[in-house]
Amino acid sequence: MARIFFNQAQQARTGINTVELPASNIRNLKQALLDAFPTLDESMLQGAIAIDGEIIAEPLLEQLQQDSEIYFIPAIEGG
């Protein structure tokens, strides 16, 4: 199962740091997260994603391995 590490905002909504879910790609993983955690907002799953230590800017169809580690990287806003 893929292991997802939540950022601080996601932790505030889910109450946990990590979760393991089965998914074959990021699109399926996002849907599984939204189903498992109704308190998550879809916008919290947007932006860059790190898969096994590599940042992927367009990850939607990126294939996942059984032992993949996923980090959602929040957008940095500035002014």
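To keep things clear, this report deals only with the structure shown in the data block. (Residues numbered from 1 in each chain as written. Predicted model: local features only at pLDDT ≥ 70, side-chain atom pairs only at ≥ 80, totals over all residues. Heavy atoms only, no water.)

**Focus on the environment of Ala-48**
Alright, step 1. Secondary-structure assignment places Ala-48 in the loop between helix 2 (26–36) and strand 3 (49–51).
Alright, step 2. Judged by its relative accessible area of 24%, Ala-48 falls in the partly exposed class.
Alright, step 3. When the C-alpha atoms of Ala-48 and Leu-33 are compared, they prove to be 16 Å apart, with 15 residues separating the residues in sequence.
Alright, step 4. Residues within four places of Ala-48 in sequence aside, it is in contact with Ile-55, Ile-56, Tyr-71, Phe-72 and Ile-73. (Helix = DSSP H or I, 4+ residues; strand = E, 2+ residues; numbered from the N terminus. Buried < 20%, exposed > 50% of the residue type's maximum accessible area, 1.4 Å probe, protein only. Contact = heavy atoms within 4.5 Å.)

**Some words on the pairing of strand 1 (residues 2–5)**
On a regular strand, one side chain projects to one face of the sheet and the next to the other, so that they alternate.
Alright, step 1. Note that strand 1 and strand 2 (residues 18–21) share 4 bridges and pair antiparallel. Its bridge partner being in strand 2, Ile-4 is matched across the sheet by Val-19.
Alright, step 2. Alignment of strand 1 against strand 5 (residues 69–72), held across 3 bridges, turns out to be parallel. Bridged to Ile-4 within strand 5 is Ile-70. (Pairing = 2+ DSSP bridges.)

**Quick notes on helix 2**
Alright, step 1. Among all positions in helix 2, only Ile-26, Leu-29, Lys-30 and Leu-33 are buried. Projection of helix 2 onto a plane perpendicular to its axis shows the buried side chains occupying an angular sector of 100 degrees, all on one side.
Alright, step 2. Its side-chain oxygen placed 3.1 Å from the backbone nitrogen of Arg-27, Asn-25 serves as the N-cap of helix 2. (Arc of directions from axis to C-beta. Polar contact = N/O pair within 3.5 Å; in protein donor to acceptor, adjacent residues only side chain to side chain.)

**Brief notes about the sheet that holds strand 1**
Sheet strands associate in pairs through backbone hydrogen bonding, adopting either a parallel or an antiparallel arrangement.
Alright, step 1. One open sheet accounts for 5 strands, arranged 2-1-5-3-4; its pairing is mixed. Since the sheet does not close on itself, it has two edges, and those belong to strand 2 and strand 4 (54–56), each with one partner. Across this sheet, the average inter-strand angle for adjacent strands is 25 degrees, counted without regard to direction.
Alright, step 2. By the bridge criterion, 3 bridges tie strand 3 to strand 5 in an arrangement that is antiparallel. The partner of Ile-49 across the bridge, within strand 5, is Phe-72. (Axes fitted to C-alpha atoms, helices over the stretch in contact; angles between N-to-C directions.)

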